[in-house]
Structure formats: C-alpha cells, structure tokens
Amino acid sequence: MKFFLDTADLNEIEEAASWGALAGVTTNPSLYARIGGKVADFENHIARICEVVDGPVSAESVAMTRDEIIADGIRLAAIAPNVVVKVPTMIEGLAATRALSERGIKVNMTLCFTVPQAILAARSGAAFISPFVGRFDDISEDGISQLYDVVQAIGNYDFGHDVEIIAASVRSANHVAQAALMGADIATVPFNVLKKCVEHPLTDRGLESFLADWEKVKNA
Ligand code: E4P
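Basis of the calculations
- Residues numbered from 1 in each chain as written.
- Predicted model: local features only at pLDDT ≥ 70, side-chain atom pairs only at ≥ 80, totals over all residues.
- Heavy atoms only, no water.
- Helix = DSSP H or I, 4+ residues; strand = E, 2+ residues; numbered from the N terminus.
- Buried < 20%, exposed > 50% of the residue type's maximum accessible area, 1.4 Å probe, protein only.
- Contact = heavy atoms within 4.5 Å.
- Polar contact = N/O pair within 3.5 Å; in protein donor to acceptor, adjacent residues only side chain to side chain.
- Near = heavy atom within 4 Å.
- Nonpolar A, V, L, I, M, F, W, Y, C, P; charged D, E, K, R; others polar.
- Pairing = 2+ DSSP bridges.
- Axes fitted to C-alpha atoms, helices over the stretch in contact; angles between N-to-C directions.
- Salt bridge = Lys/Arg side-chain N within 4 Å of Asp/Glu carboxyl O.
- Core = buried A, V, L, I, M, F, W, Y, C linked by side-chain atoms within 4.5 Å.

Novice: For this particular structure, what's the right way to read the overall build of the chain?
Specialist: A count of helices and strands for the chain gives 11 helices and 8 strands. The principal-axis extents of the C-alpha atoms in the chain amount to approximately 75 × 40 × 30 Å. Looking at the chain residue by residue over its 220 residues, the buried ones come to 45%. Here the analysis covers contacts within the chain between residues at least 6 apart in sequence; of these, 57% occur between residues at least 24 apart.

Okay, here's the thing in structure tokens:
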C-alpha cells in the first residue's frame, strides 16, 4: 500500500516527503480553506505541491456541471504532469470523468461511499477511486467494512485501465492497518495520522532502554 498525504499544507508535505515514503498528495476545498488559501493563488499552490511531491497530486474541481468540471479539469491538469483531477461521484462528475479520461487526464473520483458508485467511477474511466471511511464512522456506521466491499468489488473486474483504490477520510493508524490488510492500493492520511503510523510507545520504550544501556557500555 502507498501513502498519500491528505493536506494542502506545504510544510506538512515537505516534512512528510523528507521521511522518504510519501507517494502522493490529496487536497480538497476544505483542506485548502484550512491553510487560509485564496482562490487567486490556488493553481500556484497546487504547482508548488507538485514540485515537492514525486507522485500524483489531487486537485479538486468544485464545479457542478459536466462542462464546467471538464474545463476545470483541463486547466488543473495543465499545471503539472502529476496533477490528478478530483471529481465528486455524481452524474455530472461521471460524465466529466469519461471526457477527461478520454483526453488522457487522470481523475480521482471522490466522495465515494458505495460499491455501485465505485463500479460506475471505474467504468467512467477514473484512475483513482476514493471511498471515504471516517465519514461512515461519523454516522455510527462501519467505514472499514464499506471500504472492504469496494476493494473486493473493484478487484472482481478488468476495467481495461488501471484503477487504484484510495482509502480516504482516514482518521487513525488502525484505519491504515485495516486498509493495508484488505489490499487497498493507497491510504491518504492527514499528517497527524501519518505520524501516529510511525510512532509506538514500545518503540519509544525500546529506544530509551537501548540509550540507557549504551551509556553503561560507554562507561564500562
Ligand atoms: C481525500 O481525498 C478526502 O477529501 C479526505 O480524505 C476527506 O477526509 P475527511 O472526511 O476527514 O474530511
């Protein structure tokens, strides 16, 4: 499974990229708003992320009609070769995904919650599909089992093009573990969750005892 960072924060992206395992970034309008982003700077900001990240960078269209989404997608894809256009799972989004994928522009279908939505996304040409986990948990449903169903269903078919499943709306290291165990291709994770994936109290305790023992060795 590959790790994407789910953020628009350049500091977080640069820091995570320096750890050596970052394979891509996903952004969305809420994440861009969270860093105080302005519309006028959006495309420059995506360009800066694309320079830091050696992998797909999802930039979302907020348009609601197919023609507007297609126009957004063409403009966003021109920013850098590694831009992937994020398109919501809806009728206009499917139509736009078909048109964009026929132009060779990669689409990440987002806000995907069900197996039928995922199959339709794949059939419309989406290169990436993002089933949301945490938002199911938010309404007391089991987001991991929904993700599992999508991974199984997509794996049943040959869509004639590569389709990668991105476990999205990930809230914990346990979500990441479950996504990996079921064979999701990618987990896109907030920076704090990525840190939690690295850290463990037993690792910290092990390090403390190794350092203490090494002091003894040095003084022996
Ligand atoms: C990523 O592509 C999604 O936009 C993101 O994971 C949504 O996460 P949230 O449910 O925490 O907003």
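Novice: Just checking my understanding: could you explain the side chain of Asn108 for this structure?
Specialist: With respect to the helices and strands, Asn108 occurs in strand S5 (residues 107-112). With a relative accessible area of 0%, Asn108 lands in the buried category. Engagement of the side chain of Asn108 in a polar contact is seen with the side chain of Ser130, the distance being 2.8 Å.

Novice: Hey, could you run me through the site of the ligand in this one?
Specialist: Around the ligand, the neighbouring residues are Asp6, Thr26, Asn28, Lys86, Phe132, Arg135, Ala168, Ser169 and Arg171. Between an oxygen atom of the ligand and a side-chain N or O atom of Asp6, the distance comes to 2.6 Å. In this structure, an oxygen atom belonging to the ligand sits 2.7 Å away from a side-chain N or O atom of Arg171. Here the residues of the shell around the ligand sort into 2 nonpolar, 3 polar and 4 charged.

Novice: Got a minute to help me understand the sheet that holds strand S4 (residues 83-88) in this structure?
Specialist: Note on sheets: strands pair through backbone hydrogen bonds, and any given pair is parallel or antiparallel. Ordered in space as S1-S2-S3-S4-S5-S6-S7-S8, the 8 strands form a closed barrel in which the pairing is parallel. Strand-to-strand twist across the sheet, computed as the mean angle between neighbouring axes with direction ignored, equals 25°. Sheet analysis places S5 next to strand S6 (residues 128-131), joined by 3 bridges and oriented parallel. Paired with Cys112 across the two strands is Pro131, which belongs to S6. Running over the sheet, helix H1 (residues 10-18) touches strand S1 (2-6) and strand S2 (22-26) and is turned about 165° from S2. Along the sheet face, helix H4 (residues 66-77) touches strand S3 (57-60) and S4 and points at about 160° away from the line of S4.

Novice: How should the side chain of Glu164 be read in this particular structure?
Specialist: Checked against the element boundaries, Glu164 lands in strand S7 (residues 164-167). A residue is classified by how much of its surface remains accessible, and Glu164, at 19% relative accessible area, is buried. A distance of 2.8 Å separates a polar atom in the side chain of Glu164 from a polar atom in the side chain of Lys2. With residues up to four places along the chain from it excluded, the contact list for Glu164 reads Lys2, Ala127, Phe128, Ile129, Asp185 and Ile186.

Novice: I would appreciate a short explanation of the pattern of salt bridges in the present structure.
Specialist: Proximity of charged atoms lets side chains of opposite charge pair with each other. Across all of its chains, the model carries 10 salt bridges by this definition. A salt bridge links Glu43 to Arg75, with the shortest nitrogen-to-oxygen separation between them at 2.9 Å. With Glu43 in helix H3 (residues 42-52) and Arg75 in helix H4, the pair connects residues that are 32 residues apart, well separated along the chain. The shortest N-O distance in the salt bridge between Arg66 and Glu92 comes to 2.9 Å. Here the residue Arg66 occupies a position in helix H4, and Glu92 occupies one in helix H5 (residues 91-102), the gap between them amounting to 26 residues. Taking the relative accessible area as the measure of exposure, Glu92 reaches 21% and is therefore partly exposed. Sharing partners across several salt bridges, the network here consists of Glu43, Asp72 and Arg75.

Novice: What should I look at first to understand the environment of Glu68 in this one?
Specialist: With respect to the helices and strands, Glu68 occurs in helix H4. Note: C-alpha distance between Glu68 and Thr97 (29 residues apart in sequence) is 12 Å.

Novice: I keep staring at the nonpolar core and nothing clicks. Help me out?
Specialist: A general feature of soluble globular proteins is that nonpolar side chains tend to end up buried together. With 56 residues, the main nonpolar core has Leu5, Val25, Ile129, Leu147 and Ile154 as its most contacted residues. Looking at this core element by element, the count peaks at 5 residues for helix H8 (residues 143-155). Other than its neighbours up to four places away in sequence, Ile154 contacts Ala118, Ile119, Ala122, Ile129, Phe159, Val163 and Ile165. Core analysis: the second largest hydrophobic core is formed by 7 residues, Val84, Ala127, Ile166 and Ile186 among them.

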